[in-house]
Amino acid sequence: MMPLLTTKNLARNFGGLRAVDGVDFQLMPGEIRAVIGPNGAGKTTFVSLISGRIQPSSGMIVFDGTDITSRPAYLRVRQGIAYTFQITSVFANLSAYDNVALPVQRTLTDGRSKGAVRTGVMAALERTGLADRAHMPAGQLSYGHQRLLEVAMGLALKPRLLILDEPTQGLADSEIDNFIELVREIAKSATVLLIEHNMPVVMQLADRITVFNAGRILAEGTPEQIRANTQVQEAYLGTAP
Amino acid sequence: MSEASPAKAYALHLGVIALLFALSFVLPEYHHGLLARIMVLAVFAMGYNMLFGYVGLLSLGHAMFFAAGLYGAGFAVIHLGWNVPLAFLAGIACGALLALVIGLLALRTTGVAFMIVTMMFAQVFYLVILYFAAWTGGDQGLVVPQPARVLNLGATSLDLTNPTVRYMSALALFSIVLLITLAVVRSRYGRVLVAVRENEERTKMLGYDTFSNKLIAVVVSGTICAASGAAYALLFGYVGSSLASVQYSILPLLWVLLGGAATTLGALIGTVFMYYVIDIASGYTSAYLLIVGIALILLVLFFPKGILGTIRQRWLGWLP
């Protein structure tokens, strides 16, 4: 099977700092992949390179067989790469409805989906449980609901690859359980790349885990393999006393 | 915003148009003439508001789009001898073309740089008008001769210098632009414009080519302002460089801020307000600008989002 996403020797420098340092990475269609690693390991920079928010210093990104390295972010979105932000960046002054209408009408214009804006918006809001809050200004939603709105906007883009950057940050435990269900549901129709600090969430959701450290991939494997990996334990999980 | 009560919004706008129509029959001559001028300039303000209010791009050079329409229409009549409808279209076309070129160049910048770049282009435009005084009349300007300001429609001909015809022509243009503005801001495209204003980076990550969307907005805005300028030349018969000066770049900003940025009717309210404050104040004192200044300060203090913007925020959330 051909990978959905491949990066070859991907690197990005910020001044003298090599935030992402020669990463070779492959993602198969349909999998849920978690990216973990200590703070400053380069995880967010790495997914920002994939989504096109920042340009690589060198290397190559291939999505679904085409080289997208120099393609602007908005075209990558239209190709099916959706990114949900680590720091919630919903349109605070617009209603939840309008927030989701923006990605829905985009896919309608592209011809990637059919139907009316209203149907698409309400479907995405219902999947995330926000339907009854459609007309509230997004800025007045609780933090957890804003995170969900962010996911609804990602979903509404009809992504083939959905990148979730620390989606459970700031969520209550009860909300996290629902969230895990939601991601499993999403994964039926899209490939999910998940940056996550909450290890129980990672262990429950991920098919495979990639561990970053100092801009490089330290290890990669199934949750069991990663849990057993001594290098990972030293770098990230901390050595047992 | 776009989902709630479309009927109410359209009813309100049609009501305002009906009110302006009715005023034509009751206003004394002086105010009748003043309101005709205000409606034409409110179109200018609506064009400005499209870019400033909805996309959040603050231009300090919109006088050049107004002047492009003004001189485009004026030249067509005076130098080419075209009739009124063709001259009006010529003015609009000049404004649209200019807006496209300026947009392509100025949209490479944002924020303060955008303000400065648009202001510089407008100054260049202004100086070019002065430089080619042989055609433009320099700072004297040109007068569109009265016989040329007649609109021939088959057997009937409308004299644009007749106060009622002039008022109704101004109202027609105002109404069309108002309804177009309302339709645009309620459309999918209007939603994208607001998204660009609120968070351009995020809008890109939803798959939108924000540069193209902004460029279209500049062209639409410039075209509306040019329509206002073209109408001004044909209805009031004066094509002058003072209307291309920096003052006419700042005035629409003031009108829109007063009335309420990103409100469809704010442009009219702001223009009416400003005109009448100046009109009334100058009746009492030669220091009328002092009173205007105080009025502006009071507005900023108590209506920071403009008259209509504050009303929308406090009481009428459904206002478009």
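Presented here is a report on the structure given in the accompanying data block. (Residues numbered from 1 in each chain as written. Chains lettered and ligands numbered in written order. Predicted model: local features only at pLDDT ≥ 70, side-chain atom pairs only at ≥ 80, totals over all residues. Heavy atoms only, no water.)

### Some words on the overall build of chain B
A count of helical and extended segments in chain B gives 14 helices and four strands. Its C-alpha atoms give chain B principal-axis dimensions of about 55 × 45 × 45 Å. Considering chain B as a whole, with its 320 residues, one finds that 51% of them fall into the buried category. A separation threshold of at least 6 residues defines the contact pool for chain B, and within that pool the share at least 24 residues apart is 76%. Entry remark: accessible area of chain B is about 13,600 Å², with carbon and sulfur atoms responsible for 72%. The averaged location of the 9 negative side-chain charges in chain B is 8 Å from the averaged location of its 15 positive side-chain charges. (Helix = DSSP H or I, 4+ residues; strand = E, 2+ residues; numbered from the N terminus. Buried < 20%, exposed > 50% of the residue type's maximum accessible area, 1.4 Å probe, protein only. Contact = heavy atoms within 4.5 Å. Areas by Shrake-Rupley, 256 points an atom, 1.4 Å probe, with all protein chains shown as cover. Lys, Arg positive; Asp, Glu negative; His and termini not counted. Charge placed at Lys NZ, Arg CZ, Asp CG, Glu CD.)

### Quick notes on the overall build of chain A
Scanning chain A for helices and strands turns up nine helices and 10 strands. A compact globule built from 241 residues should have a C-alpha radius of gyration of about 18 Å, and chain A, at 18 Å, falls within 12% of that. Dimensions along the principal axes, computed over C-alpha positions, put chain A at roughly 50 × 40 × 35 Å. Of the contacts formed within chain A by residues at least 6 apart in sequence, a portion of 66% connects residues at least 24 apart. Surface exposure of chain A reaches about 10,000 Å², of which carbon and sulfur atoms provide 50%. Charge separation in chain A, taken as the distance between the mean sites of 23 positive and 22 negative side-chain charges, equals 8 Å. (Rg over C-alpha atoms; globule rule 2.2 N^0.38 Å.)

### Examining the pairing of strand β6 (residues 81-84) of chain A
All names here are of chain A. Going residue by residue along β6, you find I81 and Y83 tucked away on one face and A82 and T84 tucked away on the opposite face as well. Pairing geometry for β6 and strand β7 (residues 161-165), over four bridges, is parallel. Bridging from a neighbouring strand, A82 pairs with L162 of β7. (Pairing = 2+ DSSP bridges.)

### Notes on the pairing of strand β1 (residues 5-14) of chain A
Residues and elements named next belong to chain A. Alignment of β1 against strand β2 (residues 17-27), held across eight bridges, turns out to be antiparallel. Pairing of L5 across the sheet is with L27, part of β2. Adjacent in sequence and paired antiparallel, β1 and β2 are bridged by two residues, among which G15 carries a positive phi angle near 60°.

### What to know about the sheet that holds strand β3 (residues 32-36) of chain A
Backbone-to-backbone hydrogen bonds pair the strands of a sheet. The strands run either parallel or antiparallel. All names here are of chain A. The strand order across the open sheet built from six strands is β6-β7-β8-β3-β9-β10, with neighbouring strands paired in mixed fashion. Only two strands of the sheet have a single neighbouring strand rather than two, namely β6 and β10 (216-221). Each adjacent strand pair in this sheet contributes to an overall mean axis angle of 20°, direction not counted. Where β3 and strand β9 (residues 208-213) come together, four bridges link them in parallel fashion. Note that in β9 the partner of I36 across the bridge is V211. Each of β3, β7 and β8 (191-195) touches helix α6 (residues 173-186); the most contacted strand, β7, lies at about 160° to it. (Axes fitted to C-alpha atoms, helices over the stretch in contact; angles between N-to-C directions.)

### Let's talk about the packing of aromatic side chains
Geometry of an aromatic ring pair is reported as the spacing of the ring centres plus the angle between the planes. All names here are of chain B. Inspection of the entire model under this criterion finds 13 aromatic pairs over all chains. For the ring pair F66 and Y232, a centre distance of 5.9 Å and an interplane angle of 65° mean the geometry is edge-to-face. One end of the pair, F66, is in helix α3 (residues 63-78); the other, Y232, is in helix α10 (residues 210-236), and 166 residues separate them in sequence. Take F66: its relative accessible area is 0%, and that puts it in the buried class. With relative accessibility at 7%, the residue Y232 sits in the buried group. With centroids separated by 5.8 Å and ring planes inclined at 90°, the aromatic side chains of Y71 and F75 adopt a geometry described as edge-to-face. Remark: F75 and Y71 occur in helix α3; sequence separation between them is four residues, near one turn of the helix. With a relative accessible area of 6%, Y71 lands in the buried category. The partly exposed category is assigned to F75, whose relative accessible area is 26%. (Phe/Tyr/Trp six-rings, centres within 6.5 Å; stacked < 30°, edge-to-face > 60°.)

### Quick look at helix α1 (residues 6-26) of chain B
Quick reminder: α-helices carry 3.6 residues per turn. Residues three or four places apart thus point the same way. The terminal C-alpha atoms of α1(B) lie 31 Å apart, and with 21 residues this matches the ideal 30 Å at 1.5 Å per residue to within 8%. At its buried positions, α1(B) is contacted by α2 (29-55), α7 (163-186) and α12 (266-284) of chain B. (Expected span 1.5 Å × (residues − 1).)

### Some details on the state of the cysteines
Within the structure shown, the criterion is met by zero disulfides over all chains. Lacking any disulfide linkage, B:C94 is separated from the closest cysteine sulfur, that of B:C225, by 14 Å. (Disulfide = S-S within 2.5 Å.)

### Notes on the interface of chain A and chain B
Note: interface size is frequently given as the accessible area lost on complex formation between the parts. Facing 27 residues of chain A, the contacting portion of chain B comprises 18 residues. For the pair chain A and chain B, the summed buried area comes to about 2,200 Å², and 60% of that belongs to carbon and sulfur atoms. Looking only at chain A, the three residues that lose the most surface to chain B are A:Y74, A:F91 and A:Q105, adding up to 26% of its buried area. Counting every contact that joins chain A to chain B gives two salt bridges. Counting across the chain A and chain B interface gives 11 residue pairs in polar contact (both at pLDDT 80 or more). Secondary-structure elements contributing two or more residues to the side of chain A that touches chain B are α2 (73-79), α3 (96-110), α4 (117-127) and α5 (143-156) of chain A. (Buried area = accessible area lost by both parts, 1.4 Å probe. Salt bridge = Lys/Arg side-chain N within 4 Å of Asp/Glu carboxyl O. Polar contact = N/O pair within 3.5 Å; in protein donor to acceptor, adjacent residues only side chain to side chain.)

### A closer look at the nonpolar core
Grouped together as the largest cluster of nonpolar side chains are 146 residues, with contacts concentrated most on A:V100, A:V121, A:L149, B:L20 and B:F174. The element best represented in this core is α2(B), accounting for 18 residues. Discounting residues that sit within four places of it in the chain, B:F174 has contacts with B:L20, B:M39, B:A42, B:V43, B:M46 and B:L268. (Core = buried A, V, L, I, M, F, W, Y, C linked by side-chain atoms within 4.5 Å.)

### What to know about the packing of α7(B) against α10(B)
Residues and elements named next belong to chain B. α10 packs onto α7 with a crossing angle of 175° between their chain directions and a minimal axis gap of 11 Å. Between α7 and α10, the angle is such that the two are roughly antiparallel. The residues of α10 that touch α7, namely those facing R166, S169, A170, L173 and V177, are I224, A227, S228, A231, L235 and F236. Partitioned by chemical class, the residues of the contact of α7 with α10 number eight nonpolar, two polar and one charged. (Parallel < 35°, antiparallel > 145°, perpendicular 65-115°, else oblique. Nonpolar A, V, L, I, M, F, W, Y, C, P; charged D, E, K, R; others polar.)

### Brief notes about helix α11 (residues 247-259) of chain B
Residues and elements named next belong to chain B. The end-to-end C-alpha distance of α11, which contains 13 residues, comes to 18 Å, matching closely the 18 Å that a straight helix rising 1.5 Å per residue would cover. Those residues of α11 that are buried lie in contact with α2, α3, α5 (111-131), α12, α13 (288-302) and α14 (307-314). In the stretch just after α11, G260 is the one whose phi turns positive, near 125°.

### Some details on the pattern of salt bridges
Residues and elements named next belong to chain A. For the structure on display, the rule yields 13 salt bridges over all chains. Notably, a salt bridge pairs D21 with R18, separated by 2.8 Å at the nearest N-O pair. Residue class for R18 comes out partly exposed when judged on its relative accessible area of 40%. Taken together, the salt bridges that share partners define one network made up of R18, D21 and R216.

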